[in-house]
Amino acid sequence: MDLLNNRSSVSEFVLVGLSTSQETQILFFAIFFLVYVAIIVGNLLIVISVIVDNHLHSPMYFFLANLSFFDLCLSSAATPKVISDFLRKHKTISWWGCMTQMFFMHFFGGGEMSLLIAMAVDRYVAICKPLHYKTIMSHRVLTGFLLLSWVIGLIHTTSQMVFTVGLPFCGPNVLDSFFCDLPLVIKLACTDTYILELLVIVNSGLLSLICFILLLISYIVMLVTIWKHSSSASSKALSTLSAHITVVTLFFGPAIFIYAFSFNSYSVDKFLSVFYSIITPLLNPIIYTLRNQEMKAAIKRLSNHHIGSWLTP
């Protein structure tokens, strides 16, 4: 800690935020607060439903519950601070708070990418090898996939943050963002950061590209398999698969634009930051619950059970 203090005179970062207008900030506060509450409630409902409902004790819902947990954590890494900042005139975050925020955002973001691949593997086995599904997707395999997601997320964030923490910050400390965005923080360092900026782009971009290609190949194979075997079971599989494809497209689509094109517009950067911090964690539970009859039935049973327990003396 002393070494870091000697190299850096910056103890906090100033966040510009989304707007300087007080009226607009109050509007953003209301919107972000309501969306964040919806994220918490929606994802918690999925997690609790999968845990307590025996009808949902299957590999697909195991991964879905963990995806909701990742979304909860990813959103909570920055959103509560963002919401409270809308009520402050001077928006600041401590040096360690900024580093912690970036660590967990990349940790859960990288883990979620890996978990989406695990979910695709589960659907691939269910559709292409249905007779061997229970044998292949054993409890040991599920645990292995989940641990791998956590490990990949940890490697993804550590490989970037280990260099960022050691950077000297001795001058500018104003971030044109509403939370600590890793590329913007790196640019404030009092040293040449070209190599580190390249590492961040390659690290995040390569992980996104590899995950997207693997997912694209697996979904193409599954769609071809469904097309060859037209039946009621296939139509149900197609409905489930379409929900997965929608989530993957929404998650990786903006990421591809981030690393494929060089945006100099801060408005575009801020839009993408809003998208990943609150929109994606909200869309996932909506997509999976609205298109999944079993999940809707489980949530209804859970609600009825608690309402009944409250009404019963």
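Residues numbered from 1 in each chain as written. Predicted model: local features only at pLDDT ≥ 70, side-chain atom pairs only at ≥ 80, totals over all residues. Heavy atoms only, no water.

Visitor: What is the right way to read the pattern of salt bridges from this model?
Guide: Opposite charge on two side chains makes pairing possible when the charged atoms of those side chains draw close. Applying the stated criterion across every chain, the model contains four salt bridges. In this structure, Asp53 and Arg301 form a salt bridge, with 2.8 Å as the shortest nitrogen-oxygen distance. Taken as a pair, Asp53 in the loop between helix H2 (22–52) and helix H3 (59–76) and Arg301 in helix H12 (residues 293–311) lie far apart in primary sequence, 248 residues in all. The salt bridge involving Arg123 is made with Asp122; its shortest N-O contact spans 2.9 Å. Exposure remark for Arg123: the relative accessible area of 11% places this residue in the buried category. Given a relative accessible area of 1%, Asp122 falls into the buried group. (Salt bridge = Lys/Arg side-chain N within 4 Å of Asp/Glu carboxyl O. Helix = DSSP H or I, 4+ residues; strand = E, 2+ residues; numbered from the N terminus. Buried < 20%, exposed > 50% of the residue type's maximum accessible area, 1.4 Å probe, protein only.)

Visitor: Please explain the pairing of strand E1 (residues 12–15) as it appears in this structure.
Guide: Looking along a regular strand, one sees the side chains alternate between the two faces of the sheet. Burial along E1 is one-sided: the residues Phe13 and Leu15 are buried and none of Glu12 and Val14 is. Across three bridges, the pairing between E1 and strand E2 (residues 92–94) is antiparallel. In the sheet register, Glu12 faces E2, and the bridge partner there is Ser94. (Pairing = 2+ DSSP bridges.)

Visitor: I would appreciate a short explanation of the sheet that holds E2 in the present structure.
Guide: Hydrogen bonds between backbone groups are what pair the strands of a sheet, and the pairing can be parallel or antiparallel. With respect to topology, three strands assemble into an open sheet ordered E2-E1-E3, the strand pairing being mixed. In this open sheet, the two edge strands, each paired with only one partner strand, are E2 and strand E3 (174–175). Helix H5 (residues 95–128) contacts E1 and E2 of the sheet and is inclined by roughly 85 degrees relative to E2. (Contact = heavy atoms within 4.5 Å. Axes fitted to C-alpha atoms, helices over the stretch in contact; angles between N-to-C directions.)

Visitor: I tried to follow the UniProt feature "transmembrane region" (unreviewed entry) in the chain on my own but got confused; where do I start?
Guide: Summarizing the sequence annotation, UniProt attributes the feature "transmembrane region" (unreviewed entry) to residues 26–48, 60–83, 103–121, 141–163, 206–226, 238–261 and 273–291 in the numbering used throughout. From the first C-alpha to the last, residues 60–83 spans 33 Å; its make-up is 92% helix and 0% strand. In residues 141–163, the share of helix is 100% and the share of strand is 0%. The end C-alpha atoms are 34 Å apart. (UniProt positions renumbered as here; feature names shortened; annotations may be inferred.)

Visitor: Would you explain the environment of Thr157 in this entry?
Guide: Along the chain, Thr157 turns up in helix H7 (residues 139–164). Its relative accessible area of 0% is what places Thr157 among the buried residues. Counting along the chain gives 47 residues from Thr157 to Ser204, while the straight-line C-alpha distance between them is 9.2 Å. With sequence-adjacent residues up to four places away left out, Thr157 is seen in contact with Met102, Phe103, His106 and Phe107.

Visitor: Just to check I follow, could you spell out the confidence of the model for the chain for this structure?
Guide: Counting all residues, the mean pLDDT for the chain is 83, and 86% of those residues have values of 70 or more. Between residues 1–6, whose pLDDT stays under 50, and residues either more than four places distant or in other chains, the model counts five contacts. This model gives residues 262–266 a pLDDT under 50, and the stretch forms seven contacts once residues within four places in sequence are excluded. (pLDDT = per-residue confidence, 0-100.)

Visitor: I would appreciate a short explanation of the environment of Ile152 in the present structure.
Guide: Mapped onto the fold, Ile152 is located in helix H7. When the C-alpha positions of Ile152 and Leu207 are compared, they lie 9.5 Å apart, and in sequence the two are 55 residues distant. Apart from the residues lying within four places of it in its own chain, the contact partners of Ile152 are Gly110, Ser114 and Leu207.

Visitor: I'm lost on the packing of aromatic side chains in this one. Help?
Guide: Any two aromatic rings considered together are summarised by their centre-to-centre distance and by the angle between their planes. What the rule picks out here adds up to 19 aromatic pairs. Note on Phe63 and Phe145: the rings are 6.1 Å apart at their centroids and 70 degrees apart in plane angle, and the pair reads as edge-to-face. Remark: Phe145 occurs in helix H7 and Phe63 occurs in helix H3; sequence separation between them is 82 residues. Residue classification places Phe63 among the buried residues on the basis of a relative accessible area of 0%. Ring geometry for Phe107 and Phe108: centres 4.9 Å apart, planes at 65 degrees, overall edge-to-face. Among the aromatic residues, those joined into a cluster by ring pairs are Phe69, Phe70, Phe103, Phe104, Phe107, Phe108 and Trp150. (Phe/Tyr/Trp six-rings, centres within 6.5 Å; stacked < 30°, edge-to-face > 60°.)

Visitor: Help me understand the nonpolar core, please; the structure alone is not making it clear to me.
Guide: Ranked by internal contacts, the top residues of the largest apolar core, which has 46 residues, are Leu116, Leu215, Phe252 and Met295. Among the secondary structure elements, those contributing two or more residues to this core are H2, H3, H5, H7, helix H9 (194–228), helix H10 (232–260), helix H11 (266–290) and H12. For this core, the leading source of residues is H5, giving eleven residues. Non-local contacts of Met295, meaning those with residues more than four positions away in its chain, are made with Ile46, Ser49, Val50, Leu56, Tyr61, Leu64, Tyr288 and Thr289. Among the nonpolar cores identified, the runner-up in size contains 21 residues, and Phe13, Trp95, Phe169 and Cys180 belong to it. (Core = buried A, V, L, I, M, F, W, Y, C linked by side-chain atoms within 4.5 Å.)

Visitor: It is not clear to me how the side chain of Ser218 should be interpreted in this structure. Could you clarify?
Guide: Structurally, Ser218 is set in helix H9. A polar contact is formed between the side chain of Ser218 and the backbone oxygen of Leu215, at a distance of 2.8 Å. (Polar contact = N/O pair within 3.5 Å; in protein donor to acceptor, adjacent residues only side chain to side chain.)

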